[in-house]
Amino acid sequence: MKIYEKLLLENKAWAQERKQDDPTFFSRLSEIQTPEFLWIGCSDSRVPANEITNTQPGEIFVHRNIANMVVHTDVNLLSVLDYAVTHLKVKHVIVCGHYGCGGVKAAMTNHNYNKILNMWLRNIKDVFSLHKTELNGIPNEESKFDRLVELNVQEQVMHLAKTSIIQQAWKNEQRPHLHGWVYGLKDGLIKPVFEMEAGSEIDPLYKYDDL
Ligand SMILES: [Zn+2]
């Protein structure tokens, strides 16, 4: 059997098991999805949103990219955000990073990752630059790396609040709440590191007054 064929076989077994547990599972989910959460996570294969939160299909709307970034020119991310917030009306948006993130680690080096990856990692270097006084004051490299992971999550949450998508939902419906979490690869635990309640004050420079 080819390695990918195992996935298809496992899928068959999974679908059968689901149906046995709950005969209306698929027919119910095929009609409508009403997730309360949007998850913006890292593409890392070790941080799957549903597994680590013990949630089921239909519960979390998911977007993942390298190092869980919220880049204001990323049409993919913004489309997911707009759909989840404006149409699905999620109550919470979670940016979940993880310790040991390869993207964050790469951004801490001076290595040339060539063109496209350099462009993406540049966004993380900008987070480092913004917090360089704090980060350069940490003598231990591992602790510095951990702290950059946390600060990166914090900055991405703040980027969410700078979008008109979030500001409009805050103004009209007092949702969604924004959460910054970091997952630990070594213990499987999620640590909340930053929160922004709906309607939180933001830097006036980024505030739209004619929503
Ligand atoms: Zn990662």
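The following paragraphs examine the structure supplied in this document. (Residues numbered from 1 in each chain as written. Predicted model: local features only at pLDDT ≥ 70, side-chain atom pairs only at ≥ 80, totals over all residues. Heavy atoms only, no water.)

**Quick notes on the side chain of histidine 179**
Turning to its location among the elements, histidine 179 is positioned in strand 4 (residues 177–183). For histidine 179, the residues in contact, after removing those within four places along its chain, are His92, Val93, Ile94, Val95, Val157, Phe194 and Glu195. (Helix = DSSP H or I, 4+ residues; strand = E, 2+ residues; numbered from the N terminus. Contact = heavy atoms within 4.5 Å.)

**Some points on the coordination of the zinc ion**
Around the zinc ion, the protein contributes the donor atoms Cys42 (SG), His98 (NE2) and Cys101 (SG), which lie 2.1 to 2.3 Å from the metal centre. Each donor residue of the zinc ion belongs to the same chain, with the gaps between them written as C-x55-H-x2-C. Judged on exposure class, the residue histidine 98 and its partner cysteine 101 are both buried. (Donors = N, O, S within 2.8 Å, 3.2 Å for Na, K, Ca; no water. Buried < 20%, exposed > 50% of the residue type's maximum accessible area, 1.4 Å probe, protein only.)

**A few points about a nonpolar patch on the surface**
Together, Ile3, Tyr4, Leu7 and Leu8 make up an exposed nonpolar region whose accessible area comes to about 510 Å². By secondary structure assignment, the location of isoleucine 3 is in helix 1 (residues 3–21). Judged by its relative accessible area of 77%, isoleucine 3 is exposed. (Patch = residues over 30% accessible without salt bridge, like charges linked within 9 Å, V, L, I, M, F, W, Y side chains within 5 Å. Areas by Shrake-Rupley, 256 points an atom, 1.4 Å probe, with all protein chains shown as cover. Salt bridge = Lys/Arg side-chain N within 4 Å of Asp/Glu carboxyl O.)

**So, the pattern of salt bridges**
This structure, assessed with the given rule, holds twelve salt bridges. Between glutamate 150 and arginine 147 there is a salt bridge, with its nearest N and O atoms 2.9 Å apart. Placement of both glutamate 150 and arginine 147 in helix 8 (residues 141–161) is noted, with a separation of three residues, approximately one turn of the helix. Taking the relative accessible area as the measure of exposure, glutamate 150 reaches 11% and is therefore buried. Connected through salt bridges with shared partners, the residues Glu134, Arg147, Glu150 and Lys191 form a single ionic network.

**Looking at the pairing of strand 1 (residues 37–42)**
With respect to burial, strand 1 is a largely interior element, five of its six residues being buried. Note: strand 1 against strand 2 (residues 60–65), six bridges, orientation parallel. Note that in strand 2 the partner of leucine 38 across the bridge is phenylalanine 61. Note: strand 1 against strand 3 (residues 92–98), five bridges, orientation parallel. Looking at the pairing, phenylalanine 37 lines up with histidine 92 of strand 3. (Pairing = 2+ DSSP bridges.)

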